[in-house]
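# An overview of the molecular structure
Now for the letters of each chain:
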Amino acid sequence: MKTTETPPPVPAEPGAALAKTGVPAAAPPKEKKEGTVLNVFSHGILVIWAIMVVMPLVWAVMTSFKDDASIFGSPWSLPDKLHFDNWSRAWTQAHMSDYFLNTVLVVGGSLIGTLVLGSMAAYVLARFDFPGNRFIYYLFIGGMSFPIMLALVPLFYVVNNMGLLNTIHGLILVYIAYSLPFTVFFLTAFFRTLPSSVAEAAFVDGASHTRTFFQIMLPMAKPGLISVGIFNFLGQWNQYMLPTVLNTDEDKHVLTQGLVQLAVSQGYKGDWSGLFAGLVMAMLPVLAAYIVFQRQVVQGLTAGALK
């Protein structure tokens, strides 16, 4: 009886991995560098875009600490000395403090009213089926596409007939009406993604619709409220057209009106350093709000898209 001899194993090359059977495993294929050129190009575009956005902001802040001679003599150089008197002069002599206070009152009141009314309307449209539900929803959508320029003249007469012209509360009501369509559109989609089992459990425990909304559903919608609140804050803080038409009293001017008035007046006096200081004052709250709540804004946008 013949016995077959097993051939000795072939020695593997150095660095090659051996399989369990003793046969050297095949070397892993080299990763293909696909899309490298595209990634480099896209990152380059993002870097260029970031520079285009950041550089004007940095230059405005840097210029606000210069004197007028340095602004025109060496506009791109760092200030040789920090002139804090520019800020104090813009805050007191240019009445930026009054404009800032008026803006805080108007935007604060309108933002609270927009979020409360918008969240209530969005909750009803998202959670309850009733005749005319979709019609009301599409009315809000239509409000987003309506140009504000076409409504300025009739809006002026309506506000004037109601006795709300040149008043803080009248401007607050107009801001709320201006911001409601987008708020309802955004929060309706967000409330539809929230689980309905929690609200049903609250109803079983005897909670009313009002209590269920304010104590259960509204806290669950916090990411969406923060996101739409930031968007409304940016739009209302930088609003210029509506206060220009509806708020002609200089004592009740907001920041955007004050900056235009400061630019016109300082254009003849040559106080450009005070103008840049006032510009940075109006810009800082917007940047601070976005830096503080940027994570919540991203969470609110992504949470509204997932169920």
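To keep things clear, this report deals only with the structure shown in the data block. (Residues numbered from 1 in each chain as written. Predicted model: local features only at pLDDT ≥ 70, side-chain atom pairs only at ≥ 80, totals over all residues. Heavy atoms only, no water.)

### Section: the environment of Ile 230
For clarity, the threshold we go by: Working definition: helices are DSSP H or I runs of at least four residues, strands are E runs of at least two. Numbering for both runs from the N terminus.
Tracing the backbone through its elements, the reader meets Ile 230 in helix H10 (residues 222-237). Residues Ile 230 and Tyr 290 lie 60 residues apart in sequence; the distance between their C-alpha atoms is 7.3 Å.

### What to know about unusual backbone geometry
The cut-off we apply is this: Relative accessibility under 20% of the residue-type maximum defines a buried residue, over 50% an exposed one, and the middle range a partly exposed one, all with a 1.4 Å probe and only protein chains included.
Here the phi dihedral of His 95 falls at roughly 60°; this positive angle occurs in a residue that is not glycine. Looking at the secondary structure, you find His 95 in the loop between helix H3 (85-92) and helix H4 (96-127). When its relative accessible area of 41% is taken as the criterion, His 95 is described as partly exposed. Unusually for a residue other than glycine, Asn 166 sits at a positive phi of about 60°. Mapped onto the elements of the fold, Asn 166 is located in the loop between helix H6 (148-161) and helix H7 (168-193).

### Brief notes about the nonpolar core
We apply this condition: Nonpolar cores are built from buried Ala, Val, Leu, Ile, Met, Phe, Trp, Tyr and Cys residues. Side-chain atoms within 4.5 Å join them into one set. In this description, contact between two residues means that some pair of their heavy atoms is separated by no more than 4.5 Å.
Grouped together as the largest cluster of nonpolar side chains are 19 residues, with contacts concentrated most on Ala 90, Met 96, Phe 233, Trp 237, Leu 255 and Leu 262. Mapped by element, the contributors of at least two residues to this core are H4, H10, helix H12 (255-269) and helix H13 (272-303). The greatest single-element share of this core, amounting to six residues, is contributed by H13. In contact with Leu 255, other than residues within four places in its own chain, are Met 96, Tyr 99, Phe 100, Thr 103, Trp 237 and Ala 282. If you look at the next biggest cluster of nonpolar residues, it comprises 17 residues, including Leu 125, Tyr 137, Leu 171 and Val 254.

### Details of the side chain of Gln 239
Using the following cut-off: Whenever two N or O atoms come within 3.5 Å, that pair is a polar contact, provided that in protein one can donate a hydrogen and the other can accept it, and provided that, for residues adjacent in sequence, both atoms are side-chain atoms.
Inspection of the secondary structure puts Gln 239 in the loop between H10 and helix H11 (241-246). Look at Gln 239 and you get buried, because its relative accessible area is 11%. Engagement of the side chain of Gln 239 in a polar contact is seen with the backbone nitrogen of Leu 242, the distance being 3.4 Å.

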